[in-house]
Amino acid sequence: MKILIVSKIATHPMDAGNKHAILAQAKILKDKGNDVHFLYVYEKPLDRNKIKAYEEDLKQTREFWKDKFHVYQVNLAIKIYLASLKQIREHLCHRHFKVDDQYPFGLGNYVNRLNDEYHFDACIINYFYLSRLFNKINIPKKAIYTHDCMAYKDIKFGMPYFCTDANTEAKSMQRCPHIFAIQGIEADYFQMLSPKSTVYTVYDVFSYHKQMITGNHNIVYLSGSNVFNQNGLRWFLDNIYPAIQEKFSDVKLIVGGSVCKVMPELKSIDGVESQGYIDDVNAFYSQGDVCINPCYQGTGLKIKTIESISYDKVTMVHPHSTQGIYDKDHAPLFSSDKAEDWVKFLVEVWESQDIIKTIKSENEKYLTAMEKFVSSEYDRFLKA
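The paragraphs below set out a description of the structure included in this document. (Residues numbered from 1 in each chain as written. Predicted model: local features only at pLDDT ≥ 70, side-chain atom pairs only at ≥ 80, totals over all residues. Heavy atoms only, no water.)

## A closer look at the pattern of salt bridges
So, step 1. A complete count under the given rule lists 17 salt bridges for this structure.
So, step 2. One salt bridge in this structure joins Asp31 and Lys27, with 2.8 Å as the shortest N-O distance. Placement of the pair is Asp31 and Lys27 together in helix α1 (residues 17-31), with a separation of four residues, close to one helical turn.
So, step 3. With a shortest N-O distance of 2.8 Å, Asp100 and Arg175 are connected by a salt bridge. (Salt bridge = Lys/Arg side-chain N within 4 Å of Asp/Glu carboxyl O. Helix = DSSP H or I, 4+ residues; strand = E, 2+ residues; numbered from the N terminus.)

So, in structure tokens, the structure goes:
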């Protein structure tokens, strides 16, 4: 089967988060023998300070996908229109977007010309704002990778981004005969919004990276800069870490990623090492046996929880960061919002390497089971 993935997000192996999810999906489809192409809908930033980073992403994405890479560059007039509409929604509509606010005019014609050349069997779009494409193209099988629920984020968190209401999200979903949801509760929600669509739960698959036991008292946390990650780290530092430091005088929290840039105060906190941008993720995680995901807000898949398991860590999280993960009741992780629970568990872990070995074994089994389940969901899609 020849499949076209369409995204406004550049995607190459150095990426994480939603970008990793797109790449992981492509890998699964390729491993099943499909010919997978990637169409990048490139909107050159109006902010000149951001152009260099966008162009570097474009370059790396082109190099990774090679002859399977295609790019549709949104012209300046349309980009200005989309940016203006975004400002209107943010300032006059309480950040509630309409379904086609960020759909670039002309994309459908470009995809149809591409299809005339390659004859695609399926098209997968990323995020609700591209769903109008399905009203424009002739590719037989159409699917959306939702990434997240967008409705009522303002009510949930008070900090909406691309927030919608349920009617808007339903309009988008009903254009999509096949819907990929990243957790079970979202799959149920999308099925309700679009009763005639087939919905699949695909999570986000991570490869298993076996690592050796370090035997030290380091805790690692690799994170992006979004506000939920910042808030989670502050919660950990304020409510959990002091109790751990009181019990283990040599404990060290090692923080990596762009969260370090937006939280410069990390450098002045006793017992915290801020390492900034990380080139080698495997090397970063190898610095300790324990990894945390302290996020207590946010929607979508709890990617940092699964990533920690995939790098063979003893994974400790806020209860929020277990929500929506695969087979939650059997996941190899610790969850609590109480400092005394964290300390008690760390005493057990750091006093017995046998416990660490058991958790590492469970990490691999868990990821294998999740990958098998997700693979079966993609088989359902390909055979539909």
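## Brief notes about the environment of Ile325
So, step 1. Inspection of the secondary structure assignment puts Ile325 in the loop between β12 (314-317) and β13 (333-335).
So, step 2. The spatial distance from the C-alpha of Ile325 to the C-alpha of Tyr203 is 7.3 Å, given a sequence separation of 122 residues.

## Topic: the sheet that holds strand β7 (residues 198-201)
So, step 1. Spatially, β3-β2-β1-β4-β5-β6-β7 is the arrangement adopted by the seven strands of the open sheet, whose pairing is parallel. In this open sheet, the two edge strands, each paired with only one partner strand, are β3 (69-73) and β7. Neighbour-to-neighbour, the strand axes of this sheet turn through a mean angle of 20°, independent of strand direction.
So, step 2. Note that strand β1 (residues 2-7) and strand β4 (residues 122-126) share four bridges and pair parallel. Across the sheet, Ile3 pairs through a bridge with Ala122, a residue of β4.
So, step 3. On top of the sheet, helix α2 (residues 48-65) reaches β2 (35-42) and β3; it is set at about 165° to β2, its chief contact. (Pairing = 2+ DSSP bridges. Axes fitted to C-alpha atoms, helices over the stretch in contact; angles between N-to-C directions. Contact = heavy atoms within 4.5 Å.)

## Quick look at helix α7 (residues 184-193)
So, step 1. If you check which residues of α7 are buried, you get Glu186, Ala187, Tyr189, Phe190 and Leu193. Each buried residue of α7 lies within a common arc of 165° when the element is viewed along its axis, so the set occupies one face. The outward face of α7, more than 90 degrees from its buried face, is lined by the exposed residues Ile185, Asp188 and Met192.
So, step 2. As for α7, its buried residues are in contact with α6 (166-173), β6 (178-181) and β7. (Buried < 20%, exposed > 50% of the residue type's maximum accessible area, 1.4 Å probe, protein only. Arc of directions from axis to C-beta.)

## So, unusual backbone geometry
With the exception of glycine, the majority of residues adopt a negative phi angle, and the majority of peptide bonds are in the trans configuration.
So, step 1. One non-glycine residue with positive phi stands out, namely Tyr127, at about 80°.
So, step 2. For Tyr127, the position within the fold is in the loop between β4 and β5 (141-145).
So, step 3. What makes Tyr127 buried here is its relative accessible area of 12%.
So, step 4. Notably, His147 is not glycine yet its phi reads approximately 70°, a positive angle.

## Overview of the pairing of strand β11 (residues 290-293)
So, step 1. On β11, burial covers both faces: Val290 and Ile292 on one face and Cys291 and Asn293 on the other are all buried.
So, step 2. Of the pairings in the sheet, the one linking strand β8 (residues 218-222) to β11 comprises two bridges and is parallel in character. Bridge assignment links Val220 to a residue of β11, and that residue is Cys291.
So, step 3. Relative to β12, β11 runs parallel, the two sharing four bridges. Residue pairing across strands places Cys291 opposite Thr315, the latter belonging to β12.

## Looking at the state of the cysteines
So, step 1. This model, assessed by the stated rule, comprises zero disulfides.
So, step 2. Cys291 carries a free sulfur, and the closest cysteine sulfur to it, the one in Cys295, is 11 Å from it.
So, step 3. What makes Cys291 buried here is its relative accessible area of 2%. (Disulfide = S-S within 2.5 Å.)

## Observations concerning the packing of aromatic side chains
So, step 1. Enumeration over the complete set of coordinates arrives at 27 aromatic pairs.
So, step 2. Judged by centre distance (5.9 Å) and plane angle (45°), the rings of Tyr81 and Phe105 are tilted. Pair noted here: Tyr81 is in helix α3 (residues 76-92) and Phe105 is in the loop between α3 and α4 (107-118), with a separation of 24 residues, a long-range link.
So, step 3. Overall, the relative accessible area of 38% leaves Phe105 in the partly exposed class.
So, step 4. Here the aromatic cluster, defined as three or more aromatic residues joined through ring pairs, consists of Trp235, Phe236, Tyr241, Phe334, Trp342 and Phe345.
So, step 5. The lysine or arginine in question, Lys30, covers the ring of Trp65, its NZ or CZ lying 4.4 Å from the ring centre. (Phe/Tyr/Trp six-rings, centres within 6.5 Å; stacked < 30°, edge-to-face > 60°. Lys NZ or Arg CZ within 6 Å of the ring centre and 35° of its normal.)

Everything listed here is a matter of coordinates, which is why it stays silent on function.
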